[in-house]
Amino acid sequence: MRVNGEVADGTPRPGQCLRTFLREAGWLGVKKGCDAGDCGACTVHVDGIPVHSCVYPALRAAARDAEITTIEGLARAHPRGRAVQDAFVAAQAFQCGFCTPGMIMTAACLPAADLGERADVPRAMKGSICRCTGYGAIRDALDGIARVDPAAAEGLPGGVDVIGAGLPAPASQDIVTGRAEFTADAANPWSPPETEGLAQPGSREALQMRLLRSPHPHAWIRSIDASLARQYPGVVAVFTYEDSPSGLFSTARHHDPGDDARDTAVLDRVVRFHGQRVAAVVADTSRAAEAACALIVVDYEVRPAVTGPRQALAPGAPRLHARAPGNVAAKVHRATGDVARGLAEADVVFEGTFLSQRVQHVALETHTSIGWLAGARLTIRTGTQVPFLTRDALCALFGLEKDQVRVLARRVGGGFGGKQEMLTEDIVALAVLRTGRPVQLELTREEEFTATTTRHPMAVTVRVGARRDGTLTALQMTTLADTGAYGNHAGGVLFHSCEESVTAYRCPNKRVDAVSAYTTTVPAGAFRGYGMSQAGFAVESAIDELARRLGIDPADFRRRNLIQPGEMPDNASGEAADVETVSHGALRALDLVTDALASGRGDLAPDGAQWRVGSGIAVTMLDTIPPGGHDGRARIKERPGGGYQLFVGTAEFGNGTTTVHRQLAAAALGCSPGQVEVRSSDTDSSGHDSGAYGSTGTVVAGTATLRAARALAELIAARGLSEDDQAGKPLEAEGYCDGRARSATSCVQGFRVAVSVETGEIRILQSVQAVDAGTVINPVQLRGQVEGGVAQALGAALFEEVRVSGGGLVTTRALREYHVPVLADLPRTEVLFAAGSDPLGPLGAKPMSEAPFNPVAPALANAVRDATGVRVYSLPMRRDSLFDALAKLALPEEAAPDGATWPQSLRQGRSAGGARRARGASRRRRRHPGLERVHVAVRGPGRRQPGGRQLARAADRLAEEPGVRAGQGARPGRPGGVRAAAGVVLRDVAGADHPGAGQRGGIRLVADRGDRALLRPLR
Ligand code: FES
Ligand code: FES
């Protein structure tokens, strides 16, 4: 075969996929996002046809003597290749850039007609996943719409004019041509002292590591026999708990290491979740390492699993960590005023419990680390958001001094909080220190799902009360969170979930009680929003419901109760908050969104009587910096030959900080942004930096950059005034920000939706988010961040869920089982900036990495409520669950907003015996004369199951009745299938025959059992 016009070196191995063959040959623009043909990151052209090379046998390409084109050769090989790459640059259709080569390879093969008419683009792009952009900029690239002038960075004169300019990312050309180097792309990364530019095909020599993982959710390891594995050809070493350093650590990385429980070992003798590391094998190849893993014999003493937080907190539950009595990983209890009094003063009270699920970051680049010894120095190149904190943790773990360890990241393929953890670096460091040889560990996509971290699932109960005039009198939140097997971020996430969601509203009586429990499930961790999306879903849904019950417009209710600029936030602790709100822009953003929703923009509702249209909003607040400080340091120096080199400790993982830092430095130095070269994420290049988390890349690291650049500008202005400067040596300056002055920022999301009451389908007709970002330094970057945040949150709101079986096993182990949104799944989101300037941020800027995620789910739930009357209590709002809720609500008025519907009424009637049941049923019929006319959904056994045939016949007759719709959502005859739609969902036909509440079409509705109404066919 030929690759990019050259005869391919080497012969593929049997079973080798084309992607691996190409990467081993040095074509590193071919990325690995999965191993299953799900993500599109590995797309190449085989004889001009785009294929996912991870599922294409390399031998097949060789046998047909195929012409292979990768991103590196696209511009030469394809007539539209260069044009598509240019379009991606002009639209800035990337953030981290990991998906971009595959996207471009697919887009280049779209027929030109599709690009013009766009009719087929969503289908054509459905095999390509982007986790960062939300596809808005990618759509623009495909439509030929430019967001930036690619040459603008060079042409701008400098000074403050660069602030507010939509400049392209400096790495744009490298990203679209496949030259951008992610961790696994470093062909020879251990060559000291620098790693850039060392892509030398065929020179890879790192040992490969694979991990043996626990098959039990909870067990004690009696013994491990690795003798066979050690004898396997190519195996260099096997590590078990006997080799682990004795110290415990937290995989979570924070400015203050004391924020997280030290409960994790590099290799532990106790396994606490299905998928925990048990042993590590390093070998010449990953195939050998994998084969050797299978030869390790482990003798487990299986212990009881604890797979839910209520079970974990129950008396007598097995204790999972010696230092955590009662399995409590973290707790927050606060109160101000008197909630009982506040509720008593309220004219209307609402209480509801809102459930949010486990979701995964799905950064397209999986966790990867490569370690080596540079002399005696341990060097780890890794995809991390926190290089300095990782270095510090490795020093503590292995007893090394800081100057004995270097940690660096170059380009990071998405993080979203998932790389604010030390999940691969520790075990790689152990192997490097023991073997003295370079070692690489690249997690698979399955390991990402089963053995990294997720968002904390939470059950949040909110009680809110208000007077008729719309004044909030009580706000109470009770949270139960599941931190999984380890307490990484348990405290931080719990704290934040209870903080801004409560401080956003003025209320004299507040109370928070929150607990995070250890369970024997995959650990939770940091994730964009950091607990506030879960709490925001609950609080913003409750506030909305309260407003509706009061008969007040939900936006007006918020206007009345949100804190005003300058008002001191009250977090229910009784202590003064350390957050400045003079620039608080929630109300401005709220006005922008309500105006946008009223404007008539967006799509028209689909035709058909089944569609109900409504709109909803949600407001969430975020403090701009984590409490307790956050180091940011920058160093800037004159570059020989002109321009400047800026070294910052924070990491670029698609969050746009590199572009923003360049603009801040150019503003201070009065130069063109193109004259500032930014290098980030290397513990050898700048002073200590706490890293890229907590939305600090702009406000903390950016402030450090601005201060360093201003200091250098002063030195330059003073050049020649002192004798020391005469030598003309390059000047250099440093800047520091301690991240202690915090302010608040807000995002307001609005949706207009159409909901099918027949199927539960939600169509988003309009999506708009307004952000209180202070001074907008780069509107293109900011818009991309917001679009990406909204898209990721829509995935979590609508369909994403990491499912865990009753035995603690993660059952969503591949992208196709998890459903990350693709282009076809998402609407465009209009992004609006609420004008403002923050006195604390650099040149008035506020952060916007995490915040756009938080209001999305509640805004969508509120829009669904507005359209249909159904209040959504649990995420994701999948079509089937919404259908069930709609079916219950089809009954008149009886549908209480706490979720109780007709079946509950029947329960009440039944509870005191048959006579009362009959009276109750008759009374209900009188109360609800429409009862006999409502539709019912018939669910029950399939045609071939006992009772199924009669039920099917009866259901068919029912479906023929006037006003009853034919079944939707399941095939007739299938067990549990729906044969007639809407109304009360009746899940069971078993049980005793009770006095009926009504009958139609041969179906008699009977009393219920538990929470399920029963139904029997008339015989
Ligand atoms: S790596 Fe091939 S489709 Fe994901
Ligand atoms: S830019 Fe698409 S995955 Fe990051």
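### With respect to the environment of Arg-341
Right, so step 1: Positionally, Arg-341 belongs in helix α14 (residues 339–345).
Right, so step 2: Sequence spacing of Arg-341 and Asn-509 is 168 residues, and the spatial spacing of their C-alpha atoms is 7.9 Å.

### What to know about the pattern of salt bridges
Right, so step 1: If you walk through the whole model with that rule in mind, you get 63 salt bridges.
Right, so step 2: Of the charged contacts, one joins Arg-19 and Asp-35 as a salt bridge, the two residues approaching to 2.7 Å between their closest N and O atoms. With a gap of 16 residues between them, Arg-19 in helix α1 (residues 18–24) and Asp-35 in the loop between α1 and β3 (43–46) connect regions that are remote in the sequence.
Right, so step 3: Taking the relative accessible area as the measure of exposure, Arg-19 reaches 5% and is therefore buried.

### A word on the packing of helix α4 (residues 81–91) against helix α8 (residues 136–143)
The description of two helices packed together rests on the angle between their axes and the distance between the axes.
Right, so step 1: Packing of α4 against α8 brings their axes to within 8 Å, and their N-to-C directions diverge by 135°. Looking at the two axes, α4 sits oblique to α8. Like other packed secondary-structure pairs, α4 and α8 cross with a definite hand, here right-handed. On α8, the residues that touch Ala-87, Phe-88 and Ala-91 of α4 are Ala-137, Ile-138, Asp-140, Ala-141 and Leu-142.
Right, so step 2: Classifying every residue of the contact of α4 with α8 by side-chain character gives seven nonpolar, no polar and one charged.

### Digging into the sheet that holds strand β26 (residues 732–737)
In a beta sheet, neighbouring strands are held together by backbone hydrogen bonds and run either parallel or antiparallel to one another.
Right, so step 1: The four strands are arranged β25-β24-β23-β26 in an open sheet whose pairing can be described as mixed. Whereas interior strands pair on both sides, the edge strands pair on one side only; in this sheet they are β25 (676–680) and β26. On average, each strand axis in the sheet is tilted by 20° relative to the strand beside it, whichever way the strands run.
Right, so step 2: Relative to β26, strand β23 (residues 632–638) runs antiparallel, the two being bridged by six bridges.

### Re the side chain of Thr-450
Right, so step 1: Tracing the backbone through its elements, the reader meets Thr-450 in helix α17 (residues 445–451).
Right, so step 2: A distance of 2.9 Å separates the side chain of Thr-450 from the backbone oxygen of Glu-446, its partner in a polar contact.
Right, so step 3: The contacts of Thr-450, once residues within four sequence positions are left out, are Phe-273, His-274, Gly-275, Val-522, Val-810 and Arg-813.

### What about helix α16 (residues 425–435)?
Right, so step 1: Most of α16 is tucked away: eight of the 11 residues are buried.
Right, so step 2: Among the residues of α16, those classed as buried are Glu-425, Asp-426, Ile-427, Val-428, Ala-429, Leu-430, Ala-431 and Val-432.
Right, so step 3: A positive phi of about 75° marks Gly-436, the residue just after α16.

### A closer look at the state of the cysteines
Right, so step 1: Evaluation of the coordinates by the stated rule reveals zero disulfides.
Right, so step 2: Free cysteine: Cys-17, not disulfide-bonded; nearest cysteine sulfur from Cys-54 at 6.3 Å.
Right, so step 3: Overall, Cys-17 belongs to the buried group, its relative accessible area being 13%.

### With respect to unusual backbone geometry
Across residues other than glycine, the phi torsion is negative in most instances, and most of the peptide bonds are trans.
Right, so step 1: The step from Leu-875 to Pro-876 runs through a cis peptide bond, and the omega angle for that step is 0°.
Right, so step 2: On the secondary structure map, Pro-876 appears in the loop between α27 (856–868) and α28 (879–889).
Right, so step 3: In the Ramachandran plot, Ser-681 falls in the positive-phi region, its phi being about 60° despite a non-glycine side chain.
Right, so step 4: Summarising the element assignment, Ser-681 is placed in the loop between β25 and α23 (696–699).
Right, so step 5: A positive phi angle is found at His-819, which is not glycine, with a value near 70°.
Right, so step 6: With respect to the element layout, His-819 can be found in the loop between α26 (815–818) and β29 (830–833).

### Some remarks on the packing of helix α20 (residues 554–561) against helix α21 (residues 586–598)
Right, so step 1: The geometry of α20 relative to α21 is characterised by a closest axis approach of 11 Å and an angle of 170° between their N-to-C directions. By the criterion of interaxial angle, the relationship of α20 to α21 is roughly antiparallel. From α20, Ala-555, Arg-558 and Arg-559 reach across to α21, where they touch Leu-587, Leu-590, Asp-591 and Thr-594.
Right, so step 2: Taken together, the residues of the contact of α20 with α21 sort by class into three nonpolar, one polar and three charged.

### Let's talk about the nonpolar core
The nonpolar side chains of a soluble globular protein tend to be buried with one another.
Right, so step 1: Phe-88, Ile-762 and Leu-860 are the most contacted members of the largest nonpolar core, which totals 156 residues.
Right, so step 2: When residues of this core are assigned to their parent elements, the largest contribution, 10 residues, is made by helix α19 (residues 532–550).
Right, so step 3: Those residues within four positions of Ile-762 in sequence are excluded, and the remaining contacts are Val-753, Ala-754, Val-755, Leu-798, Leu-860, Val-864, Met-877 and Leu-882.
Right, so step 4: Formed by 30 residues, the second largest nonpolar core is a distinct cluster that contains Ala-237, Leu-394, Val-405 and Ala-429.

### With respect to the confidence of the model for the protein chain
Detailed reading of predicted coordinates is not advised where the pLDDT is low.
Right, so step 1: Taken over all residues, the pLDDT of the protein chain has a mean of 85, while the share at 70 or more is 84%.
Right, so step 2: With pLDDT under 50 throughout, residues 891–939 is counted as low confidence; its partners more than four residues away or in other chains account for 115 contacts.

### A look at the sheet that holds strand β20 (residues 510–518)
Right, so step 1: Reading across from one edge, β12-β20-β19-β18-β13 is the order of the five strands in this open sheet, with mixed pairing throughout. Where the open sheet ends on each side, the last strands, each with one partner, are β12 (328–336) and β13 (348–356). Ignoring which end each strand starts from, the neighbouring axes of this sheet average 5° apart.
Right, so step 2: Across nine bridges, strand β19 (residues 472–484) lies against β20 in parallel orientation. Paired with Asp-482 across the strands is Ala-517, a residue of β20.
Right, so step 3: Lying on the sheet, helix α18 (residues 490–503) is in contact with β12, β18 (458–466), β19 and β20; it crosses β12 at an angle near 20°.

### Some words on the environment of Tyr-56
Right, so step 1: The residue Tyr-56 is located in the loop between β4 (49–52) and α2 (58–63) in this model.
Right, so step 2: In the structure, Tyr-56 is positioned 38 residues away from Leu-18 in sequence and 5.6 Å away in space, judged by C-alpha atoms.
Right, so step 3: Among residues more than four places away in sequence, those in contact with Tyr-56 are Cys-17, Leu-18, Val-46, Val-51, Ala-61 and Arg-64.

### A closer look at the pairing of strand β24 (residues 644–648)
Right, so step 1: Most of β24 sits inside the fold, with five of its five residues counted as buried.
Right, so step 2: Burial along β24 is two-sided: the residues Tyr-644, Leu-646 and Val-648 and Gln-645 and Phe-647 are all buried.
Right, so step 3: Where β23 lies against β24, five bridges are found, and the strand directions are antiparallel. Opposite Ala-634, over in β24, you have Val-648 as the bridge partner.
Right, so step 4: As consecutive antiparallel partners, β23 and β24 are separated by five residues, and within that stretch Gly-641 has a phi angle of approximately 90°, a positive value.
Right, so step 5: As judged from the five bridges shared by β24 and β25, these two strands associate in the parallel manner. Bridge pairing in β25 links Leu-646 to Val-678.

### Let's talk about the packing of aromatic side chains
Right, so step 1: Per the counting criterion, the structure on display carries six aromatic pairs.
Right, so step 2: Between Phe-98 and Phe-182 the ring centres are 5.0 Å apart and the planes differ by 80°, which places this aromatic pair in the edge-to-face class. A residue pair is termed long-range when its members are at least 10 positions apart, and Phe-98 in the loop between α4 and α5 (100–108) and Phe-182 in the loop between α10 (172–177) and β6 (207–213) qualify at 84 residues.
Right, so step 3: According to the relative accessible area criterion, Phe-182 is buried, its value standing at 1%.
Right, so step 4: Stacked on the ring of Phe-853, the Lys or Arg Arg-455 has its end atom at 4.4 Å from the ring centre.

Cut-offs used in this document
- Residues numbered from 1 in each chain as written.
- Chains lettered and ligands numbered in written order.
- Predicted model: local features only at pLDDT ≥ 70, side-chain atom pairs only at ≥ 80, totals over all residues.
- Heavy atoms only, no water.
- Helix = DSSP H or I, 4+ residues; strand = E, 2+ residues; numbered from the N terminus.
- Salt bridge = Lys/Arg side-chain N within 4 Å of Asp/Glu carboxyl O.
- Buried < 20%, exposed > 50% of the residue type's maximum accessible area, 1.4 Å probe, protein only.
- Axes fitted to C-alpha atoms, helices over the stretch in contact; angles between N-to-C directions.
- Parallel < 35°, antiparallel > 145°, perpendicular 65-115°, else oblique.
- Left-handed = near helix turned anticlockwise from the far one by under 90°.
- Contact = heavy atoms within 4.5 Å.
- Nonpolar A, V, L, I, M, F, W, Y, C, P; charged D, E, K, R; others polar.
- Pairing = 2+ DSSP bridges.
- Polar contact = N/O pair within 3.5 Å; in protein donor to acceptor, adjacent residues only side chain to side chain.
- Disulfide = S-S within 2.5 Å.
- Core = buried A, V, L, I, M, F, W, Y, C linked by side-chain atoms within 4.5 Å.
- pLDDT = per-residue confidence, 0-100.
- Phe/Tyr/Trp six-rings, centres within 6.5 Å; stacked < 30°, edge-to-face > 60°.
- Lys NZ or Arg CZ within 6 Å of the ring centre and 35° of its normal.

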